[in-house]
There are 2 protein chains.
Amino acid sequence: MRQDINNWFISPNGENTEYVTDFFSEIIAQLIDNSSNRSQEELVPLLREDFSFINELEEPHDLAQILQKLSTIYDNSMNASSVGYIGQMDSIPNIGAIVGDLITASINNNMLANEMSPFLTWLEQELIQVFCRWFGFDKRAGGVMTSGGTLANIQALLVARNIKLNSKDGNVYNSSKQPVFFASEHCHSSILKAGMFLGIGTENVIKVKTDNRGKISIDCLRSDIDRSLQEGKMPFAIVSTFGTTNSGSLDEVDEIQSICNQYHLWHHIDAVYGGAMTLSENQKHICPSFEHADSVSFNPQKWMFVSKTCSILIFKNNKQFQNSFRIAAPYTSETNAINLGEFGIQGSRHTSVLKLWLSVYLIGKKSFGKIIDLNMKITKSFTAFVLQNEHLELYTKPELNILLFRPKKRVGQSEKEYKKSLSDFQNYLYHKYIYISLIPWKNEMWLKCIFLNPYFDDNELKKLKEIIEAYFE
Amino acid sequence: MRQDINNWFISPNGENTEYVTDFFSEIIAQLIDNSSNRSQEELVPLLREDFSFINELEEPHDLAQILQKLSTIYDNSMNASSVGYIGQMDSIPNIGAIVGDLITASINNNMLANEMSPFLTWLEQELIQVFCRWFGFDKRAGGVMTSGGTLANIQALLVARNIKLNSKDGNVYNSSKQPVFFASEHCHSSILKAGMFLGIGTENVIKVKTDNRGKISIDCLRSDIDRSLQEGKMPFAIVSTFGTTNSGSLDEVDEIQSICNQYHLWHHIDAVYGGAMTLSENQKHICPSFEHADSVSFNPQKWMFVSKTCSILIFKNNKQFQNSFRIAAPYTSETNAINLGEFGIQGSRHTSVLKLWLSVYLIGKKSFGKIIDLNMKITKSFTAFVLQNEHLELYTKPELNILLFRPKKRVGQSEKEYKKSLSDFQNYLYHKYIYISLIPWKNEMWLKCIFLNPYFDDNELKKLKEIIEAYFE
């Protein structure tokens, strides 16, 4: 047995150092080889091969067999590192995050309880304090990390429900009135999910109309609230979106805060994408006063180039949050140590904090600001290109690095022909190693691009413009 | 800028291969050095050092600085790899899982949508089918992976609620009766969390009494259901626990299934720990007929030595599950591709499937069975030791590799003195590089050990026995 297990684990007694060093070295060599030559590889591959090896799971396999299969897996995975990938909000991961995940796996600590992650539990609390400061909050603020923005948004609304319904027990059946909350019609799907999960019903997530820039209409919001009150319902929260997924639109967050104050509603800001603007001294003026909101969710897994998942949920009043939420885990020691599993929607949790800390320690906040500035400059420059090109149309002037555009409909083209022409255009770009998503948006199809990759510079933009111009010649 | 970013990312154009090779090599060398010498290191360190470097986050740092800080982080993290760590359910990670997490981070795919993880979305569905077969389910079964067992249990109960209340909308306020469900008084804290989250209220999670082996009392379960019905409530589910966290007790799952059939209740089996028994040909006879249950949660992150988090949620009827749950994400292309984010409690999700597949591909199912057999053999042998040692008492004969024991209370010892003596005993072991948890259990304190590490063999057991015997001499 000892001989076998030394092929599968790093012996804690140092019996197989040579073997594991070789194992890791070959894996790393392949990884770097793959990651370093991504720009001429397929961007979102279609699966064409035979993957039946996947089911050969009864007996052990060796390194040579693993390397061979991994090569197939690299080739068939989405290629977010490529400079030409300007599709969804999927970023090239920084090497601090990659080695952070590596180390996290090797020490296999568990964010459930202090006993299972003494240093990392402390680090998570410390680093959240840093982000609280960056978002303008004072020392009463705090929070938790979650495995993704959906869980952060759901937990924020759960806490809002418990506090505003004054029930830690969370029994909606006992509520005196039907609880409802409000969000943009273009809010993230996690907000709708929250309606189903929290037992208030998806129909009671009131989707407020947006204007032609994709921002929540303040007038509609007011009248939606008033109507709910007249109908005898119990509004308890408004969700602002600071950077919608589809068009990067920014809700008028400060105005929404005033409405929350007036109606005594919880204000949650979904800043998972746009919150990164606060990292740049040149861009932060477009940020609202986050610190007035009751909760803010933010995803370093997006514009901070941290590998997925890595999300932060901040509460303005950390004590109030903890009191309204805590469910104690009975199987840990009776100590005063903070057990983060008691304060999160998750129990056992992957350590996201080490890779986040390593990413910021490696790159530094100021440099994140510079990358964001570069992304914004490229976006502005591409916007100008779209506006001056007679064949293209723009959805609206982008506020972040997310831009919707498309070739204009030609005279005499049927709706079906036009839809096909958009898809043809996407395909043309794909064969030039450019991936732009084609998404449904307000009942029409648009090309969405996100300038997120720091290797996408003026030179790459020049190439992109030439490729597009060539298409229309 | 290009020069700077080449310190932070793997250039997709191959500009910094030498630099990143060196970066990863040094990180790997340190990692292996640390992991290979764990058995003489602290097991659950107390934090004594000054960690103020954590806040130096404005400017970039180089590899030398990173290696120095990482050394501190290793030294202060819980040491699950050590042979002497027999505390909580925290396992030594296998190298397939470690490199799986490494590769997962480097390709940074997103399990939200097929477009963002074409191969890995397919792989997750395939591998879940494999696990469905291993658990005895037929082809109608399916499911999703979640970031931890808490999310798996919550999602199972959410689906149960939607189906039994016949409401995909999830509005508990509109329910004709108060929904309730039943679980062991020793169920996992995620089950209580589910009560709060789903809007039915923690008070409506009915905790059924257990017998002196920690198993749910079938008589009490029946009378609890009858009482709820008499009180006009709406029972919708029973949760069986196949391996409680504190004592590894196994509920009488097949009997509970009969009750579910009789009362038309959803049956969810929390087999996150004990489900692994099905991997061993020698142990699987103790497993119930999982395939009759409506849903089963299982954690490869525990007894399959996969790094955290890695959980699987299986539904007997995959189509029914999807129909009762799906919330479509509007920002992906209109295709027929399956987008797993629409079927999970999470949206963007860390890829747990690559490390799981790599772990099983590396080790093979049969070898997992052998490791489990070894763990069980050691547990039986230690049980015999505790039973024949006059200074020790056992809670109950263990059914899994989890064992509660303690030094007996001495004549004349006060309750306070006894509690301190247990803590002294734990400390004594700690200084011999053995970590056993001290947990509250049925209003008393017990030492809990879990024989999970495959390096903990007969030889290690002999050492442990000698250390304990020396204490009482």
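Looking at an unreviewed UniProt entry, one finds chain A named Aspartate aminotransferase family protein and attributed to Aquimarina algicola. Listed under Cofactor (unreviewed entry) in UniProt, the entry text for chain A is "pyridoxal 5'-phosphate". Checking UniProt for chain A, the heading Sequence similarities (unreviewed entry) contains the comment "Belongs to the group II decarboxylase family."

This part is about the pattern of salt bridges. All names here are of chain B. Tallying each qualifying case throughout the model produces 41 salt bridges over all chains. Between Glu415 and Lys409 there is a salt bridge whose closest N-O contact spans 2.7 Å. For Glu460, the salt bridge is made with Lys463, and the minimal N-O distance between the two is 3.4 Å. Separated by three residues within a single helix, Glu460 and Lys463 lie in helix H15 (residues 458-471), roughly one turn from each other. Here Glu460 falls in the buried class, since its relative accessible area comes to 14%.

Residues and elements named next belong to chain B. Within helix H9 (residues 253-263), the full set of buried residues consists of Val253, Ile256, Gln257, Ile259, Cys260 and Tyr263. Looking down the long axis of H9, one finds its buried residues gathered within 160 degrees of arc, a one-sided arrangement. Buried positions along H9 lie against helix H8 (218-230), strand S4 (234-241) and strand S5 (266-270). Taken from the residues just after H9, His264 is the one with a positive phi, measuring 60 degrees.

The next point concerns the nonpolar core. In terms of nonpolar packing, the biggest core is built from 226 residues, with Phe382(A), Phe382(B) and Phe405(B) touching the most fellow members. If we skip the residues at most four places from it in the chain, Phe405(B) touches Phe382(B), Val386(B), Leu392(B), Glu393(B), Leu394(B), Phe425(B), Ile436(B), Trp446(B), Leu447(B) and Cys449(B).

The positions that UniProt labels "modified residue: N6-(pyridoxal phosphate)lysine" (unreviewed entry) are, in the present scheme, Lys302(A). One can find Lys302(A) in helix H10 (residues 300-303). With relative accessibility at 10%, the residue Lys302(A) sits in the buried group. Contacts of Lys302(A), omitting those with residues within four sequence positions, involve Met89(A), Ser91(A), Val272(A), Tyr273(A), Leu452(A) and Ser348(B).

Scoring rules and cut-offs
- Residues numbered from 1 in each chain as written.
- Chains lettered and ligands numbered in written order.
- Predicted model: local features only at pLDDT ≥ 70, side-chain atom pairs only at ≥ 80, totals over all residues.
- Heavy atoms only, no water.
- UniProt positions renumbered as here; feature names shortened; annotations may be inferred.
- Salt bridge = Lys/Arg side-chain N within 4 Å of Asp/Glu carboxyl O.
- Helix = DSSP H or I, 4+ residues; strand = E, 2+ residues; numbered from the N terminus.
- Buried < 20%, exposed > 50% of the residue type's maximum accessible area, 1.4 Å probe, protein only.
- Arc of directions from axis to C-beta.
- Contact = heavy atoms within 4.5 Å.
- Core = buried A, V, L, I, M, F, W, Y, C linked by side-chain atoms within 4.5 Å.

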